[in-house]
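So the chains spell out like this:
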Amino acid sequence: MASVFPIAAGTQSYDWGKVRRASKAAQYAASGVPGFTLDEAKPYAELWMGTHPTLPSRLLSTQETLSEHLAAHAELVGSAIAGRFPEAGTGNLPFLFKILAIQKALSIQAHPDKQLAERLHAARPDLYKDANHKPEMAIALTPFTALCGFRPLCEIGAYLTHVSELAALVPPAILASFLCVCTTSVADVPTKVPLRDFFTAVVSAPLDLVAAQLRALVARYKARRHAPAEADFPGDIGVFCVYLLNVVKLQPGEAIFLGAGEPHAYVAGDIVETMATSDNVLRAGLTPKTRDVPNLVSSLTYHASPPSAHIVTPAPFPRASESTKLYNPPVPEFAVLLTHISQGNTETHDTLQGPSLLIVTQGKGRAVWPGGDPLPLNEGSVVFVGADTKVTFEASEEMTLFRAFVEV
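Computed from a predicted model, the values in this text were never measured in an experiment.

**Topic: the overall build of the chain**
Right, on to step 1. From N to C terminus, the chain includes 11 helices and 25 strands.
Right, on to step 2. Radius of gyration (C-alpha) of the chain: 22 Å, near the 22 Å computed for a compact globule of 408 residues.
Right, on to step 3. Referenced to the eigenvectors of the C-alpha coordinate spread, the extents of the chain come out at roughly 70 × 45 × 40 Å.
Right, on to step 4. Taking all 408 residues of the chain together, the buried fraction comes to 55%.
Right, on to step 5. In the chain, 78% of the contacts between residues at least 6 apart in sequence involve partners at least 24 apart.
Right, on to step 6. As displayed, the chain has an accessible area near 16,600 Å², and 54% of this comes from carbon and sulfur atoms.
Right, on to step 7. A gap of 6 Å separates the mean positions of the 32 positive and 38 negative side-chain charges of the chain.

Shown next, in the form of structure tokens:
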């Protein structure tokens, strides 16, 4: 039985996605998914790789789902991983691997922790499809912009002083209390409750008040810095969140991590996204989808920090050469390797304790491993690698690949 084999990813079409080959999700599907036909008018937002039941990957050779195959061949998952993650013992990977191609802003959102996810799934399985948490990491493929975590309170306070339309959304007593915290010089003053009360007031503001203040804001900003979001989501409270959340701009290869309860919104660009296997989202704005403001505001951490707090800095990976970098976020479900190989060269990854998925994002070559036939690789190829498998990548053209994996 092969421990390395190709799988077919699946695409998701959402209205925020890029269209045609401007979408990395569509570009990789067109070259890596057999039978895929590109619809020139369709937005291709996501490419999913993994075992999540919403869109499970399938083996190219048999068309069985990856989870079915792993359930029947436990050695591909590894006993250590099955022992740490019970769902892995039934063929479900603890992580979900994606490509996102973002044309317009995703919703202002956060993800529940494990306990809240279990409660939400039990109460509303139609809306919250699983009982898992969803920490996530985004690595930029192209220049990428996101809103990420609450700004330092002094920055939010400064915007409230100069953006009267934002201040007008908040009851005077709550506003005064929050501004007092923003301007205090006393160390260790409690900030969570004032920030929570302020944010709750903003996202719960009456719709007619939000629409009126947003019209006033757009009219006042003749440069129309926020016009694209307002045009996509007229009268939406999420447009004001640019004053509350850090604006993060990443170049290719740079990364951010978002744990449970951190508000964020991806704005533009293409990314490799890795998360715990879940599709649970709490939304508050910039979306036509269902909003769950009460659960969102109750679940947030209300940590206010500069954007650097969310940056993931890649490190050398000791089981490969300097051609491979490791992105290792503070969660047990996943880490990601980025490997770049110049034409004619090779890169060997020593054994990993658990299973992994990889996608080739540039170039051509092949994968070679002990006891198996070489596997051709090209842009868009998606490959499963079983636990404890040493694999070598040979680049016939300059080749780049991302590999998501789990170890304990």
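**A few points about the environment of Cys182**
Right, on to step 1. You can see Cys182 is positioned in helix 7 (residues 172-183).
Right, on to step 2. Cys182 sits 105 residues away from Val77 along the chain, and the two C-alpha atoms are 49 Å apart.
Right, on to step 3. Contact partners of Cys182, with chain neighbours within four places excluded, come to Leu153, Cys154 and Gly157.

**Quick notes on helix 9 (residues 207-220)**
Right, on to step 1. With 14 residues, helix 9 ought to run about 20 Å at 1.5 Å a step, and its terminal C-alpha atoms sit 20 Å apart, in line with that.
Right, on to step 2. Among the residues making up helix 9, those that are buried are Val210, Gln213, Leu214, Leu217 and Val218. For helix 9, the arc enclosing every buried residue in end-on projection is 140 degrees, short of the 170-degree limit, so these residues lie on one face. What points out from helix 9, more than 90 degrees from its buried face, is the exposed set Asp208 and Arg215.

**Re the pattern of salt bridges**
Right, on to step 1. Here the structure, examined in full by the defined rule, presents 9 salt bridges.
Right, on to step 2. Taking the shortest distance from any N to any O, the salt bridge between Arg151 and Glu155 comes out at 3.0 Å.
Right, on to step 3. You can call Glu155 partly exposed: its relative accessible area is 31%.

Definitions and cut-offs
- Residues numbered from 1 in each chain as written.
- Predicted model: local features only at pLDDT ≥ 70, side-chain atom pairs only at ≥ 80, totals over all residues.
- Heavy atoms only, no water.
- Helix = DSSP H or I, 4+ residues; strand = E, 2+ residues; numbered from the N terminus.
- Rg over C-alpha atoms; globule rule 2.2 N^0.38 Å.
- Buried < 20%, exposed > 50% of the residue type's maximum accessible area, 1.4 Å probe, protein only.
- Contact = heavy atoms within 4.5 Å.
- Areas by Shrake-Rupley, 256 points an atom, 1.4 Å probe, with all protein chains shown as cover.
- Lys, Arg positive; Asp, Glu negative; His and termini not counted.
- Charge placed at Lys NZ, Arg CZ, Asp CG, Glu CD.
- Expected span 1.5 Å × (residues − 1).
- Arc of directions from axis to C-beta.
- Salt bridge = Lys/Arg side-chain N within 4 Å of Asp/Glu carboxyl O.

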